[in-house]
Amino acid sequence: MLQVNNLVKTYPNGTKALKGISFNVPKGAFLSVIGLSGSGKSTLLRCINRIHEPTSGSISFEGQEITHVNEHKLREVRTKIGMVFQHFNLINRRNVINNVLMGRLGQFNDHFLGGIFKKWPQEWIDDAYDALKIVGISDKALVRADGLSGGQKQRVAIARTLVQNPHLLLADEPVASLDPTTSYSVMNYLKDLNQKRNITVVCNLHFLSLVRDYSTHVIALKNGELVFEGKPTDITEKW
Ligand code: ADP
Ligand code: ADP
């Protein structure tokens, strides 16, 4: 599904965030990426969906090299890669259904606030309601995003990626701003998508208990290097 090969990311200010990382993610896996703050987890996800341009190395997604493709191809690849962020990245002043519909406009990322249709195609609206039902929040469709709790916001953000029909879901600390109970609820939705809809998940997490409960595979980063790759049950050290 995903092969990362000798990936290097050096930011323009000289920070070496990733120093040559290689790993594979099999289709259907739930891979957790662990490591202390600043170890490069976020940079890794941003390189995979190309919010950031990798400095060198290669990333292959569903058998296709995506590090050096043209804009058109990149857009196509991105529709298959959903992303969920720690701080949800919803448009607060818009209602829930509009936020979900934004997912249809393409890869949603930090830099994109997209155009907003005055009138969405009915089929898109139906799909958006279906996505909201999957995360159990269709009753909030007409509520403004800033009227929701953190857990509800993250479920809306997940629904927003679902309308893309992603094959791969990248989640950057998806529960780091949530309380423990809500965290488990959101993680359960991610697990359902992984198991019932066969969406491969790559998830940055920092609570080892969640890593053990939810993932099938784990990698650990330390100062931009890969220091562990294995099963959750093989984790013996805290990175
Ligand atoms: P993590 O997600 O594990 O906390 P990050 O990927 O956010 O780690 O950061 C890895 C390193 O890269 C850190 O030293 C961080 O300060 C640095 N970094 C992250 N984003 C940028 C950026 N846009 N410009 C420069 N340095 C950055
Ligand atoms: P997080 O803890 O969620 O990784 P950060 O506070 O590290 O968030 O980063 C917030 C934003 O600032 C991110 O977009 C990251 O890429 C950017 N950033 C982080 N470190 C640096 C840095 N040293 N220089 C420039 N931008 C940075």
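By the naming in an unreviewed UniProt entry, the protein chain is Phosphonate ABC transporter ATP-binding protein, taken from Silvanigrella paludirubra.

**Student:** Would you explain helix 2 (residues 71-79) in this entry?
**Tutor:** In an α-helix, one turn spans 3.6 residues; hence positions three or four apart end up facing the same way. For helix 2, the full list of buried residues reads Leu-74, Val-77 and Arg-78. What you see down the axis of helix 2 is that its buried residues fit within an arc of 100°, all on one side. Exposed residues lying more than 90 degrees from the buried face of helix 2 are His-72 and Arg-75. Buried residues along helix 2 sit against strand 4 (56-61), strand 5 (64-65) and strand 6 (81-84).

**Student:** Hey, could you run me through the pattern of salt bridges in this one?
**Tutor:** Once their charged atoms are close, side chains differing in charge can pair, the charge on each being opposite to the other. In this structure the tally under the stated criterion is 6 salt bridges. The shortest N-O distance in the salt bridge between Arg-104 and Asp-127 comes to 2.9 Å. Taken together, the residues Arg-104 in the loop between helix 3 (96-102) and helix 4 (122-134) and Asp-127 in helix 4 connect sequence positions 23 residues apart. The salt bridge involving Asp-146 is made with Arg-144; its shortest N-O contact spans 2.6 Å.

**Student:** Would you take a moment to explain the packing of aromatic side chains for this structure?
**Tutor:** Any pair of aromatic rings gets described here by the distance separating the centres and the angle formed by the planes. In the structure shown here, the tally under the stated rule is 2 aromatic pairs. An angle of 40° between the planes, with centres 6.0 Å apart, marks the rings of Trp-120 and Trp-124 as tilted. Owing to a relative accessible area of 10%, Trp-120 belongs among the buried residues under this scheme. The exposure class of Trp-124 is buried, given its relative accessible area of 18%. With a centroid separation of 6.0 Å and 45° between ring planes, the pair formed by Tyr-184 and Tyr-214 is classed as tilted. Remark: Tyr-214 occurs in helix 7 (residues 208-214) and Tyr-184 occurs in helix 6 (residues 180-196); sequence separation between them is 30 residues.

**Student:** Would you take a moment to explain the site of ligand 1 for this structure?
**Tutor:** Around ligand 1, the structure places Tyr-11, Asn-13, Thr-15, Ala-17, Leu-36, Ser-37, Gly-38, Ser-39, Gly-40, Lys-41, Ser-42 and Thr-43. In this structure, a nitrogen atom belonging to ligand 1 sits 3.4 Å away from a side-chain N or O atom of Tyr-11. The contact in question runs from an oxygen atom of ligand 1 to an N or O atom on the backbone of Ser-42, over 2.8 Å. About the coverage of ligand 1: the protein hides 62% of its 560 Å² of free accessible area. Along the lines of polarity and charge, the residues of the shell around ligand 1 split into 3 nonpolar, 8 polar and 1 charged.

Parameters at a glance
Residues numbered from 1 in each chain as written. Chains lettered and ligands numbered in written order. Predicted model: local features only at pLDDT ≥ 70, side-chain atom pairs only at ≥ 80, totals over all residues. Heavy atoms only, no water. Buried < 20%, exposed > 50% of the residue type's maximum accessible area, 1.4 Å probe, protein only. Helix = DSSP H or I, 4+ residues; strand = E, 2+ residues; numbered from the N terminus. Arc of directions from axis to C-beta. Contact = heavy atoms within 4.5 Å. Salt bridge = Lys/Arg side-chain N within 4 Å of Asp/Glu carboxyl O. Phe/Tyr/Trp six-rings, centres within 6.5 Å; stacked < 30°, edge-to-face > 60°. Near = heavy atom within 4 Å. Polar contact = N/O pair within 3.5 Å; in protein donor to acceptor, adjacent residues only side chain to side chain. Areas by Shrake-Rupley, 256 points an atom, 1.4 Å probe, with all protein chains shown as cover. Nonpolar A, V, L, I, M, F, W, Y, C, P; charged D, E, K, R; others polar.

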